[in-house]
Amino acid sequence: MLPRACTPPRARGSAEKDTGLQLSPQDEEFRGRVRQWLTENLTGRFAGLRGAGGPGREHEAHDERVAWNRHLAAAGWTCLGWPSEYGGHDATLAQQVIFYEEYARSGAPARVGYLGEELLGPTLIAFGTPAQRRRFLPAIAAVEELWCQGYSEPGAGSDLAAVATSATLVKGDGQAGGEWVITGQKVWTSLAAEADWCFVLARTQPGSRRGEGLSYLLVPMRQKGVTVRPIRQLTGTAEFNEVFFDGARTERDLVVGEVGDGWRVARATLGIERGVATLGQQIGFERELGRLVEEARRTGAASDPGIRDKLARAWIGLEVMRAHALRTVAADPATATGAEPSVLKLLWSRWHQELGELAMEVLGAPSMVARDAPYDLGDWQRLFLFSRADTIYGGSDEIQRTIIAERALGLPRQARS
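What comes next concerns the included structure. Source: prediction; values computed, not measured. (Residues numbered from 1 in each chain as written. Predicted model: local features only at pLDDT ≥ 70, side-chain atom pairs only at ≥ 80, totals over all residues. Heavy atoms only, no water.)

With that settled, the discussion passes to the overall build of the chain. Scanning the chain from terminus to terminus reveals 12 helices and eight strands. Here the chain, with 417 residues, has 50% of them falling under the buried criterion. (Helix = DSSP H or I, 4+ residues; strand = E, 2+ residues; numbered from the N terminus. Buried < 20%, exposed > 50% of the residue type's maximum accessible area, 1.4 Å probe, protein only.)

Summed over the entire model, instances satisfying the criterion amount to 24 salt bridges. Across the pair arginine 33 and glutamate 29 runs a salt bridge whose closest N-O atoms are separated by 3.1 Å. Highlighted residues: arginine 33 and glutamate 29, both in helix H2 (residues 25–41), separated by four residues, approximately one helical turn. We classify arginine 33 as partly exposed; its relative accessible area is 41%. Among the ionic pairs, glutamate 144 bridges to arginine 70, the shortest N-O distance being 3.7 Å. Placement of the pair is glutamate 144 in the loop between helix H6 (130–141) and strand E1 (147–150) and arginine 70 in helix H3 (residues 62–74), with a sequence separation of 74 residues. Members of the salt-bridge network, linked through shared partners, are Glu28, Arg31, Arg35, Glu101, Glu102, Arg105, Glu286 and Arg322. (Salt bridge = Lys/Arg side-chain N within 4 Å of Asp/Glu carboxyl O.)

This next bit is on the nonpolar core. By size, the foremost hydrophobic cluster in this structure holds 28 residues, and its most contacted members are Leu289, Leu292, Leu311, Met321, Trp351, Val362 and Trp380. When contributions to this core are tallied by element, the ones reaching two or more residues are helix H8 (277–299), helix H9 (305–330), helix H10 (340–363) and helix H11 (379–386). The element that contributes the greatest number of residues to this core is H10, accounting for nine residues. (Core = buried A, V, L, I, M, F, W, Y, C linked by side-chain atoms within 4.5 Å.)

Bringing the pairing of strand E3 (residues 179–186) into the picture now. Alignment of strand E2 (residues 166–170) against E3, held across five bridges, turns out to be antiparallel. Each residue of the ladder has a partner; that of leucine 169, found in E3, is tryptophan 180. (Pairing = 2+ DSSP bridges.)

Covered by surrounding structure in E1 are Trp147 and Gln149 together with Cys148 and Gly150, the residues of both alternating faces. Bridging between E1 and strand E4 (residues 197–203) involves four bridges; their strand directions are parallel. The residue of E4 that forms the bridge with glutamine 149 is phenylalanine 199.

Taken as a whole and judged by the stated rule, the model has 17 aromatic pairs. On the numbers, 5.8 Å between centres and 10 degrees between planes, the contact of phenylalanine 199 with tyrosine 216 is stacked. Of this pair, phenylalanine 199 sits in strand E4 while tyrosine 216 sits in strand E5 (residues 214–220); the two residues are 17 residues apart in sequence, bridging distant segments of the chain. As far as burial versus exposure is concerned, phenylalanine 199 and tyrosine 216 are alike and both buried. Each residue in the set Phe30, Trp37, Phe46, Trp68, Trp77, Phe99, Tyr100 and Tyr103 is aromatic and connected to the rest through ring pairs, giving one cluster. Between the NZ or CZ atom of arginine 111 and the centre of the ring of tyrosine 103, over which it lies, the distance is 5.6 Å. (Phe/Tyr/Trp six-rings, centres within 6.5 Å; stacked < 30°, edge-to-face > 60°. Lys NZ or Arg CZ within 6 Å of the ring centre and 35° of its normal.)

Positive phi, normally seen in glycine, also occurs at aspartate 90, with a value near 55 degrees. Examined against the element boundaries, aspartate 90 turns out to sit in the loop between H3 and helix H4 (93–106). One non-glycine residue, valine 143, adopts positive backbone phi at about 55 degrees. Mapped onto the fold, valine 143 is located in the loop between H6 and E1.

Structure, rendered in structure tokens:
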């Protein structure tokens, strides 16, 4: 038999108990409210946004998706996990997982404020000053300011500690005055063309090496010293960008954490990046697998034992991925090795890439031809092409394996130049 369509989490028996994430009657009531709100609001002017803006489709209906995200914010559906004192809703871990699952299951459009809400916001709550929190958190929660992440560089991608972008403090009048002047280049910067601000990892101590002497700066994007150049991808779209800082400036007090302590802050952000939001991502994967099963039936590929076996293995891989993700987000931080997010990154990136390859097998020869000139791709072609990057961005497979080897298995550290 072909694998069944993946069932909702509440129908999975003891899955939550096995992973330490137990759902109460109150959680199920919360699930019902989320599901009802999405059903009632993905209508009218927002009805056409279902499925818009996913990987390889980031160009779709941007302004309309901004409006949808602000509609979410006005209804209290952003920043669920933030403490209420910072504009959040004190949602439990289970409720956050439920929201992401139901959001993905509804087919709601890709969110435009993700980097601010899920990465920078929690980082500011943990490391920011009261003034920084007052300045930035309300605008993030209301989706009034969009953010991008200035980490990777041409010579410092997965090896992030090799950052070369520099920031020099130019003093102004008085002890509190002055600005940081930033020079350098970032690359693979997601959604930089739409962003108002960027959190930038830059070297503020000349001559420092590796993780020493780095600072975590908040830099406005819409200024003379910032140039954004889209990187056209295999999908024909340009989610990723090059960003050039040529004397760009930001205020002296817009350093998150201490000057020179940016490596610790940046690593904390990376840990946040692989949190509860990955559960919603996996519901999206579940929907893709279900559609591929139907495609296999439609094309007749389902009669091929090899294809059937691969579809079954894909379903098994999805279950493994979900179990690990639930254990990771529910685990006691005191017992964590620090490698759990790397294991999850390896699991989902490989799985999704293989799903794209399997989709090409299911489609057969027609997968090789664009459906219209000059380069109009179908959904499966776009998934296949975009997923080639899955094992690179967010930390390449090689880097994730090194982290697992050193932090989880206790193997000797790899020699670094």
